[in-house]
Amino acid sequence: MRILFTIIASALLYSSSIFSQFEKPQNDLFNLDVLNFYSSEGTRSRVDIYVEIPLKNMEFKKSKAVKNNFIAKFDLNIDVKDKEGNVIYNNVSKEEVTTKETGQEYLSQNSQILTRNLFLPPGEYKVAVSVYELGTKKRSEKERDIKVEDYTTPPLSISDVMIVSRLSSNEGKKIITPDVQRNVGVVDTFYLFYYVYKNNDDAKIDVNCRILDNDKKEVYSKSETIDFTSGVAFQNQLFMAVPTSDLGYGDYTIEISAASSNYKAETASYFENVSPDFPVPLKDIDQL
């Protein structure tokens with residue numbers, strides 16, 4: 001019995017050290033995603049900045065203005081620099097998130113998403129975002145490098161890919177919830193959302209999507225054809241449902257290609273599948 005206890009104790013100590021390696025920093029107040037889409041604003045493309053505030057990361061105080069409401073206040077700072085390091089956009093705003101429930105289970109399962117839309121000419125940029133919580137004086141910073149594409153000139157192109165955790169409809173309009181963290185570990189099915197932009201006279205576009213695991217093994221594929229014989233559309237919105245039942249824990253690469261008779265376009269993206277209860281990216285228990 002003493003030998004068995006020693007083995008169990010050693011295993012617990014080892015697993016504790018694993019968790020400490022993968023545990024997220026305590027000052028990580030938000031999640032960030034930056035996506036690039038076509039815009040009708042002349043020669044500029046649209047850059048969407050998504051800032052997700054997990055409620056569990058904030059300190060809530062009872063609201064003086066609204067009964068039974070709790071509020072957390074913070075400063076949101078967004079900087080965008082071009083390739084030469086010049087600041088081309090800066091904005092500091094006073095923000096707040098509210099909730100009527102402050103139970104730990106509710107806070108750990110809910111978040112609020114803030115969106116900012118910028119219009120930038122094609123080029124390479126660095127997006128820096130920081131959140132400063134006023135109550136605890138905590139600060140968290142994140143950066144993303146982004147290449148803003150010209151979607152108006154190429155005969156065929158593909159936007160950035162959004163990971164969608166929830167998709168519904170209301171009066172014929174699709175309602176999407178972005179997975180800002182790009183972690184699909186808590187959903188049974190997620191969606192890939194993107195646009196295919198057609199700027200040519202070809203009648204059809206064949207779209208193919210592949211998802212590869214960390215070993216470059218294909219774990220998902222789907223193809224569909226966009227038919228333009230009934231009319232020409234420049235922006236073509238696509239949603240692809242991806243079940244997570246066959247996905248092991250780890251990092252994944254998304255490869256999307258679009259091809260017409262005379263033209264071809266490709267793009268790549270990523271997501272991860274990590275359990276919030278066991279944040280170690282292992283595919284099976286034998287590895288552990």
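Numbering of residues begins from 1 in every chain and follows the order in which that chain's sequence is written. A pLDDT threshold of at least 70 governs which residues receive local features in this predicted model, and a stricter bar of 80 or more applies before side-chain atom pairs are shown or counted, although totals over entire chains, interfaces and linings include all residues. Only hydrogens and water are set aside; all other atoms, that is, all heavy atoms of the structure, feed into the side-chain values.

### Observations concerning unusual backbone geometry
You will see that Asn68, though not glycine, has its phi angle at about 60°, which is positive. For the purposes of this entry, the term helix denotes a DSSP run of H or I that reaches at least four residues, the term strand denotes a run of E that reaches at least two, and both are numbered from the N terminus. Checked against the element boundaries, Asn68 lands in the loop between strand S3 (61-62) and strand S4 (70-82). At Glu171, a residue that is not glycine, the phi angle is positive and equals roughly 55°. Residue position: Glu171 is located in the loop between strand S10 (162-170) and strand S11 (173-178).

### Notes on the packing of aromatic side chains
Note on aromatic contacts: the rings of Phe and Tyr and the six-membered ring of Trp form a pair at centre separations within 6.5 Å, being stacked when their planes are under 30 degrees apart, edge-to-face when over 60 apart, and tilted otherwise. For the structure on display, the rule yields 11 aromatic pairs. Where Tyr252 meets Phe271, the ring centres are 5.2 Å apart and the plane angle is 10°; that geometry is what we call stacked. Here Phe271 lies in strand S17 (residues 264-273) and Tyr252 lies in strand S16 (residues 250-259), a separation of 19 residues in the sequence. Like Phe271, Tyr252 is buried. Following the ring pairs from residue to residue traces out a cluster consisting of Phe37, Tyr38, Tyr151, Phe193, Tyr195, Tyr197, Phe234 and Phe239. When the NZ atom of lysine or the CZ atom of arginine is within 6 Å of a ring's centre and also within 35 degrees of its normal, the charge is said to sit over that ring. Sitting over the ring of Phe30, Lys142 keeps its end group 5.6 Å from the ring centre. Just above the ring of Phe228 sits the side chain of Lys198; from NZ or CZ to the centre is 4.7 Å. Accessible area is worked out with a 1.4 Å probe on protein chains only. A residue is then buried under 20% of its type maximum, exposed over 50%, and partly exposed in between.

### Some details on the pattern of salt bridges
By salt bridge we mean one thing: a side-chain nitrogen of Lys or Arg within 4 Å of a carboxyl oxygen of Asp or Glu. The final tally for this structure, using the stated rule, is 10 salt bridges. Ionic pairing is found between Arg182 and Asp33, a salt bridge with its closest N-O pair at 2.7 Å. Of the two residues, Arg182 sits in the loop between S11 and strand S12 (189-198) while Asp33 sits in strand S1 (residues 31-37), which places them 149 residues apart along the sequence. By the burial criterion, Arg182 is buried, and Asp33 matches it. With its nearest N and O atoms 2.8 Å apart, the salt bridge here joins Lys126 to Asp145. With Lys126 in strand S7 (residues 123-133) and Asp145 in strand S8 (residues 139-148), the pair connects residues that are 19 residues apart, well separated along the chain. Salt bridges sharing common partners tie together Lys126, Glu143 and Asp145.

By themselves, these are just geometric observations and shouldn't be taken as functional.
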